[in-house]
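Remarks on the overall topology
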Amino acid sequence: MSNDSSKNDRENFFLRLLHPGKPDSLEDLEQVIDDARRREIISRNTEDMIKGVFDVGRQRVSEIMIPRSQMITINSNATLEQAASTVASSGHSRYPVISGDKDHIEGVLLAKDLLPALSGLSSCNTIKDLLRPCVIVPESKHVSSMLREFQNRRFHLAVVVDEFGGVSGLITIEDILELIVGDIDDEYDREDDEDEGAFISKAREKDTYIVKGTTPVEDFEEYFKVKLPQAGVDTFAGLVLHLLGYFPKSGTKLAFNHFDIEILSAGKQRINLLRVKVKDTI
């Protein structure tokens, strides 16, 4: 493809996005994007980001929030030193401060407010002196509305409650951005080596293999000499998500065909690593 032809294809693609013409629905528009990626007018990363924007418009807060069980909180009666220990071990920048249990949120503690208090540079002596107001949002709130609220009110964390007022989780602006750009790792995130080396490797246990989520479906089929279900996905992680019907946590298991599958590592929006055991002769 010549440079001029490639340039024209890209210009035509973006004109179709801005002035779709024929597409009558979001699904039709997604087909335009799929076609552009197949024709290499846009990269897979660009396709994922555009579709991530669609997800922001479709999903509700309850679908992407950090669930209650995984919330890291600080008790309002904790000392400044105890709070600093929690910050050091978890590495987050904001923490809900509770009184008694997670249904009683008194405010939000910012890690950056602890240092002046610990060093005597401020007059604050207790956690309660450092609290900032907590924003409460319902589970049913649309993610797009949540993003606008984050932007307009300039806060980064909100506590999510159910219809009865109980705390069901929390959401951060990072959770929303990850819908668009994928997992955002920082210096506190564990560094895995799943992005290096082969897609599939043999484990010590007999007939067991470690498989990266990004393994192309055709590579998996070729390696194990099998035909996988047709699900309109490109990666093995995508197939597993299709079969499960929900986003799994580490430790989630399923079985299909001749395989027992276990999720070894999963981020908020991505399956990283899986254990695959061959149950019998394929």
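Details of the structure are given in the entry above.
Rules of the game
Residues numbered from 1 in each chain as written. Predicted model: local features only at pLDDT ≥ 70, side-chain atom pairs only at ≥ 80, totals over all residues. Heavy atoms only, no water. Pairing = 2+ DSSP bridges. Helix = DSSP H or I, 4+ residues; strand = E, 2+ residues; numbered from the N terminus. Polar contact = N/O pair within 3.5 Å; in protein donor to acceptor, adjacent residues only side chain to side chain. Contact = heavy atoms within 4.5 Å. Axes fitted to C-alpha atoms, helices over the stretch in contact; angles between N-to-C directions. Parallel < 35°, antiparallel > 145°, perpendicular 65-115°, else oblique. Left-handed = near helix turned anticlockwise from the far one by under 90°. Buried < 20%, exposed > 50% of the residue type's maximum accessible area, 1.4 Å probe, protein only. Phe/Tyr/Trp six-rings, centres within 6.5 Å; stacked < 30°, edge-to-face > 60°.

1. What to know about the pairing of strand 4 (residues 101-110)
Both strand 3 (residues 94-99) and strand 4 contribute to a ladder of 6 bridges, which runs antiparallel. When the bridges of strand 4 are listed, Pro96 appears paired with Val108.

2. Some remarks on the side chain of Thr252
In this structure, Thr252 sits in the loop between helix 11 (236-244) and strand 10 (253-256). Within polar-contact distance, the side chain of Thr252 engages the backbone oxygen of Lys249 at 2.8 Å. The residues touching Thr252, leaving out its near neighbours within four places in the chain, are Leu244, Tyr246, Ile261, Glu262 and Ile263.

3. Observations concerning the sheet that holds strand 2 (residues 74-75)
What holds strands together in a sheet is hydrogen bonding between their backbones, with the strands either parallel or antiparallel. Spatially, 3 strands are ordered 2-3-4 in an open sheet, and the strand pairing comes out mixed. Looking at strand neighbours, the two that pair on one side only are strand 2 and strand 4, the edges of this open sheet. Pairing between strand 2 and strand 3: 2 bridges, direction parallel. Across the sheet, the residue bridging to Asn75 is Ile98, located in strand 3. Along the sheet face, helix 5 (residues 80-90) touches strand 2, strand 3 and strand 4 and points at about 135° away from the line of strand 3.

4. What about the sheet that holds strand 8 (residues 200-202)?
Sheet architecture is open: 5 strands sit in the order 8-9-12-11-10, paired in antiparallel fashion. Each having just a single partner strand, strand 8 and strand 10 make up the two edges of the open sheet. The sheet shows a mean angle of 25° between the axes of neighbouring strands, direction not considered. Taken together, the 3 bridges between strand 8 and strand 9 (residues 208-212) define a ladder with antiparallel strand orientation. Counted as the bridge partner of Lys202 is Tyr209 from strand 9.

5. As for the packing of helix 5 against helix 6 (residues 111-118)
Where helix 5 contacts helix 6, the two axes come as close as 10 Å, and the packing angle between them is 140°. One way to sum up the angle between helix 5 and helix 6 is to call them oblique. Along this stretch, helix 5 crosses helix 6, giving a crossing that reads as left-handed. Taken together, the residues of helix 6 that come into contact with helix 5 (itself represented by Leu80, Glu81, Ala83, Ala84 and Val87) are Ala111, Leu114, Ala117 and Leu118.

6. Focus on the side chain of Asp113
Mapped onto the fold, Asp113 is located in helix 6. Engagement of the side chain of Asp113 in a polar contact is seen with the side chain of Arg132, the distance being 3.0 Å.

7. What about helix 8 (residues 143-153)?
Taken as a whole, helix 8 has its buried residues at Val143, Ser144, Met146, Leu147, Glu149 and Phe150. Its buried side turned inward, helix 8 meets helix 3 (44-58), helix 4 (61-64), strand 5 (136-138), strand 6 (157-161), strand 7 (167-172) and helix 9 (173-181). In the stretch just after helix 8, Arg154 is the one whose phi turns positive, near 55°.

8. Re the packing of aromatic side chains
The relation between two aromatic rings is expressed through the spacing of the ring centres and the mutual angle of the planes. Tallied over the entire structure, the rule returns 9 aromatic pairs. Ring plane angle 10° and centroid distance 4.3 Å describe the contact between Phe220 and Phe236, whose orientation is recorded as stacked. Remark: Phe236 occurs in helix 11 and Phe220 occurs in helix 10 (residues 217-224); sequence separation between them is 16 residues. Comparing Phe220 with Phe236, the two get one shared label, buried. With 4.9 Å between their ring centres and 65° between their planes, Tyr223 and Phe224 make a pair best called edge-to-face. Tyr223 gets classed as partly exposed once you look at its relative accessible area, which sits at 42%.

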